[in-house]
Amino acid sequence: MDYKSVLLVIIGMFLGKTDALQNLELSLSYTNFELFLKTHYPVYHIEPDTFKGNGSLLIGGSRGLETTDGQTTTRILIIFVSSFTQLNRTHVVVVHRFEHCLKILNRENGNFQTLAGTCGYSGYTEKGVPSGQHFKPFGVQLDIRNPGKLIVTDTYNHALVSVDVQSGQLHTITKSGFKEPSSLQWANKQQVFVINYHSYISQVNWSNTGSVESHVVTGSPTIQGDAIGKMEQALFDTVAGVEKLRDNIYLVADSKNRKLKLLDMNQQVVGAVCVRGEKPCSVSSVLPREPTSLVEIEGKMYVAMHNNIYKLTGESFACKYVSLPSGEGRIQLRLTEPQLQSPVQHLGQVHVEQIAQSPYSTCTYHSTVEDFPVTRRLSFRAKFHLPCSLMTEHGFKFYVKAAFRQKKKIIQELCGKNCTLPLNLEPQSNCENDTLTVYWLTSRIHLADMKEPPEGMKKVTEQINQSSLMTSLGSHDSSYSFDTDSAQTNTSRDMVEVALFSTCTDPTQSYDSNTDLCS
């Protein structure tokens with residue numbers, strides 16, 4: 001057999017030992033976990049202190065607003081602070097949650113006054129001071145789209161609200177899709193994350209025309225729990241904060257589960273975060289107390305946990321490995337296998353050597369991949385009665401391909417999370433002896449030494465075979481005349497079955513199913 005060297009660049013993803021390409025979890029580890037400050041009261045929000053600088057933190061909590069460098073702590077305000085944001089170096093906007101209003105502090109002269117809402121009165125009135133009203137506002141952020149405005153989560157009005165910094169005028173951005181919104185975090189200039197009802201995260205999007213829409217990113221509006229994996233499967237119990245690490249990668253404080261989790265928008269997954277250097281990091285570390293806020297400053301992650309603030313350093317992603325199908329030179333994966341203990345290891349048909357690692361972004365590998373002549377892809381196969389002569393008619397082939405795509409949607413819906421039929425993989429077919437055989441291809445690829453499809457797909461195929469929409473191809477057109485295009489059944493009376501679709505690694509060769517060879 002021939003061997004070839006390929007450079008694999010796995011962007012935000014890792015390699016792990018398996019005989020098929022699978023999407024599982026990624027993880028992040030910190031090697032150093034130390035106490036930064038003991039506050040003696042619950043902390044709800046922390047940010048870098050832009051007034052003092054020098055790595056100092058601004059802290060909001062049940063006893064007020066304070067600033068600290070870890071050695072010296074100074075009290076600035078004595079009120080309950082659920083959240084705050086710094087307008088500039090000298091001015092801080094504080095959410096006075098239980099008084100239903102926002103206040104602004106000038107740190108140079110100590111002037112402290114109402115900015116928006118009517119302190120002491122709850123409601124929902126889109127006016128300026130002193131007539132505008134909130135109902136227990138929670139989170140506040142500068143509106144990076146509109147200088148001079150703030151974005152506020154008006155919790156019990158289930159709304160995202162804009163506040164004019166000069167007049168205090170309130171304006172509803174949207175009330176669609178929210179349930180008791182709390183904290184905020186900008187993703188970019190057109191998108192902001194909003195934490196809802198403790199258990200799920202929404203994303204609000206502004207279009208270029210100014211219209212606003214929101215949708216659930218991860219977590220569940222109805223279920224609180226503890227799960228990682230695909231974003232639609234992940235569960236949280238009281239999300240307290242989201243902090244941006246890199247573009248499209250965020251750290252999430254899952255408070256009541258006492259964990260941190262990694263949100264990767266590029267790969268649409270939620271992964272584990274370990275804080276004591278655990279290897280492998282397959283489950284998030286349990287923290288000493290519930291995390292309530294987090295912020296990254298100069299590569300150090302500060303996490304408020306009730307009445308303590310901890311500092312995390314020495315972050316690294318776990319680069320992991322997979323057995324590759326022949327000919328793959330660039331691949332993206334999420335995996336759960338342990339890290340290699342040695343720099344080079346032979347995994348099935350692959351020799352992999354890690355060359356370099358850059359946290360959060362790219363793991364670079366050099367590998368030697370055995371060049372199998374045949375690659376097999378997991379698929380769903382069905383056979384239909386159909387005159388093969390019709391498949392030479394261009395017009396009829398158009399209707400047949402449309403029928404293929406319709407069946408692909410049906411299979412994907414019934415298969416659900418158990419398999420993925422990629423949009424870029426068209427169904428494959430061949431016609432012999434007036435029998436049309438169709439393969440709907442999934443994302444799972446197996447090595448050439450696998451001759452039979454894997455077990456574990458029985459339940460999926462049962463659901464597909466129960467669909468009346470699979471009983472025929474559905475390709476009828478009045479321009480063509482034939483008796484039937486009904487589906488054939490196998491010895492188990494199934495219309496659709498799991499199969500391996502074999503192709504040649506070399507695209508210039510043809511696969512012979514009788515000999516299982518390429519030429």
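As the structure is a computational prediction, the values presented were derived from the model and not from experiment. (Residues numbered from 1 in each chain as written. Predicted model: local features only at pLDDT ≥ 70, side-chain atom pairs only at ≥ 80, totals over all residues. Heavy atoms only, no water.)

Peer 1: Explain the overall build of the protein chain to me, please; I cannot follow it from the model alone.
Peer 2: Check the secondary structure of the protein chain and you find two helices and 35 strands. Relative to its 519 residues, the protein chain shows a buried fraction of 51%. When the accessible surface of the protein chain is split by element, carbon and sulfur atoms take 46% of a total near 23,600 Å². (Helix = DSSP H or I, 4+ residues; strand = E, 2+ residues; numbered from the N terminus. Buried < 20%, exposed > 50% of the residue type's maximum accessible area, 1.4 Å probe, protein only. Areas by Shrake-Rupley, 256 points an atom, 1.4 Å probe, with all protein chains shown as cover.)

Peer 1: Explanation requested: the pattern of salt bridges in the structure shown.
Peer 2: Opposite charge on two side chains lets them pair, provided their charged atoms get close. Applying the stated rule across the entire model yields 14 salt bridges. Two residues, glutamate 66 and arginine 75, come together in a salt bridge whose shortest N-O distance is 2.7 Å. We classify arginine 75 as partly exposed; its relative accessible area is 38%. Between arginine 381 and glutamate 497 there is a salt bridge, with its nearest N and O atoms 2.9 Å apart. Of this pair, arginine 381 sits in strand 30 (residues 374-385) while glutamate 497 sits in strand 33 (residues 496-504); the two residues are 116 residues apart in sequence, bridging distant segments of the chain. You can call arginine 381 partly exposed: its relative accessible area is 23%. One salt-bridge network, in which partners are shared between bridges, spans Asp226, Asp254, Lys259 and Lys261. (Salt bridge = Lys/Arg side-chain N within 4 Å of Asp/Glu carboxyl O.)

Peer 1: Is there a simple way to think about the nonpolar core in this case?
Peer 2: One broad trend across soluble globular proteins is that nonpolar side chains are buried collectively. The biggest cluster of nonpolar side chains holds 30 residues, and the ones touching the most others in it are Phe380, Leu436, Trp440, Met470 and Leu473. Looking at this core, the elements with two or more residues in it are strand 30, helix 1 (394-415), strand 32 (435-446), helix 2 (458-465) and strand 33. Per-element accounting of this core gives the leading share, seven residues, to helix 1. Once residues within four sequence positions are removed from consideration, methionine 470 is found in contact with Phe384, Lys407, Ile410, Ile411, Trp440, Ile464, Ala487, Met495 and Val496. Ranked by size, the runner-up nonpolar core spans 18 residues in total, among them Leu245, Leu251, Leu262 and Leu294. (Core = buried A, V, L, I, M, F, W, Y, C linked by side-chain atoms within 4.5 Å. Contact = heavy atoms within 4.5 Å.)

Peer 1: What exactly am I supposed to notice about the sheet that holds strand 18 (residues 212-219) here?
Peer 2: Strand pairing in a sheet relies on backbone hydrogen bonds, with the paired strands running either antiparallel or parallel. Strand order in the open sheet formed by four strands is 15-16-17-18, with antiparallel pairing between adjacent strands. For this open sheet the edge positions go to strand 15 (181-188) and strand 18, each flanked by a neighbour on one side alone. For this sheet the average axis-to-axis angle between neighbouring strands, irrespective of direction, equals 25°. Sheet topology note: the strand 15/strand 16 (residues 191-196) ladder contains five bridges and is antiparallel. Note on strand 16: the bridge partner recorded for leucine 184 is valine 194. (Pairing = 2+ DSSP bridges. Axes fitted to C-alpha atoms, helices over the stretch in contact; angles between N-to-C directions.)

Peer 1: Explain the sheet that holds strand 33 here, please?
Peer 2: Strand order in this open sheet of four strands is 31-32-30-33, and the pairing throughout is antiparallel. Unpaired on one side and paired on the other, strand 31 (428-432) and strand 33 mark the two borders of the sheet. Ignoring which end each strand starts from, the neighbouring axes of this sheet average 35° apart. Two elements, strand 31 and strand 32, share five bridges in a ladder whose sense is antiparallel. Bridge pairing links glutamate 432 to threonine 435 in strand 32. Sheet strands in contact with helix 1 are strand 30, strand 31 and strand 32, and its direction is about 45° off that of strand 32. Relative to strand 33, helix 2 is tilted by about 110°, and along the sheet it contacts strand 30 and strand 33.

Peer 1: I would appreciate a short explanation of the packing of aromatic side chains in the present structure.
Peer 2: What characterises a pair of aromatic rings is the spacing of the ring centres plus the angle enclosed by the ring planes. For the structure on display, the rule yields seven aromatic pairs. The interplanar angle of 85° and the centroid separation of 4.8 Å between the aromatic rings of phenylalanine 193 and tyrosine 250 together place this pair among those described as edge-to-face. Linking phenylalanine 193 in strand 16 with tyrosine 250 in strand 21 (residues 249-254), this pair joins segments that are 57 residues apart in sequence. In terms of burial, phenylalanine 193 and tyrosine 250 fall into one category: buried. What links up through ring pairs into an aromatic cluster is the set Tyr44, Phe80 and Phe98. Over the face of the ring belonging to phenylalanine 98 we find arginine 97, whose NZ or CZ atom lies 5.8 Å from the ring centre. Across the ring face of phenylalanine 33, the terminal group of arginine 276 is positioned such that the distance to the ring centre comes to 5.3 Å. (Phe/Tyr/Trp six-rings, centres within 6.5 Å; stacked < 30°, edge-to-face > 60°. Lys NZ or Arg CZ within 6 Å of the ring centre and 35° of its normal.)

Peer 1: How should I be thinking about the pairing of strand 17 (residues 200-206) in this particular structure?
Peer 2: Across the seven residues that make up strand 17, a large majority, seven, are buried. Hairpin connection between strand 16 and strand 17: a loop of three residues separates the two successive antiparallel strands, and tyrosine 197 in this loop has a positive phi of roughly 45°. As judged from the seven bridges shared by strand 17 and strand 18, these two strands associate in the antiparallel manner. Paired with isoleucine 201 across the strands is threonine 218, a residue of strand 18. Taking the residues between adjacent antiparallel strands as the criterion, strand 17 and strand 18 are bridged by five residues, where glycine 210 takes a positive phi near 100°.

Peer 1: I would appreciate a short explanation of the environment of asparagine 266 in the present structure.
Peer 2: Structurally, the position occupied by asparagine 266 is in the loop between strand 22 (259-264) and strand 23 (269-274). The class for asparagine 266 is partly exposed, based on a relative accessible area of 44%. Spatially, the C-alpha atoms of asparagine 266 and isoleucine 249 are 7.6 Å apart, while their sequence positions differ by 17 residues. Sequence-distant contacts of asparagine 266, defined by excluding residues within four places in its chain, comprise Asp247 and Asn248.

Peer 1: Any chance you could explain the side chain of threonine 39 here in plain terms?
Peer 2: Along the polypeptide, threonine 39 turns up in the loop between strand 2 (27-38) and strand 3 (43-48). Take threonine 39: its relative accessible area is 9%, and that puts it in the buried class. A distance of 2.7 Å separates a polar atom in the side chain of threonine 39 from the backbone oxygen of tyrosine 41. (Polar contact = N/O pair within 3.5 Å; in protein donor to acceptor, adjacent residues only side chain to side chain.)

Peer 1: Sorry, what's going on with the confidence of the model for the protein chain here?
Peer 2: Detailed reading of the predicted coordinates is not advisable wherever pLDDT falls low. Of all residues in the protein chain, 81% have pLDDT values of 70 or greater, and the mean over the chain is 79. Here residues 1-25 scores under 50 on pLDDT; set against residues more than four positions off or in separate chains, the count is 118 contacts. Ignoring residues within four places in sequence, the model shows residues 319-370, a span with pLDDT below 50, making 186 contacts including any to other chains. (pLDDT = per-residue confidence, 0-100.)

Peer 1: Help me understand the environment of threonine 420, please; the structure alone is not making it clear to me.
Peer 2: Its place among the elements puts threonine 420 in the loop between helix 1 and strand 31. Residue threonine 420 is classed as partly exposed on the basis of its relative accessible area, which comes to 35%. Remark: the alpha-carbon pair of threonine 420 and serine 443, spanning 23 residues in sequence, is separated by 5.7 Å. Contact partners of threonine 420, with chain neighbours within four places excluded, come to Lys230, Gln412, Leu441, Thr442 and Ser443.

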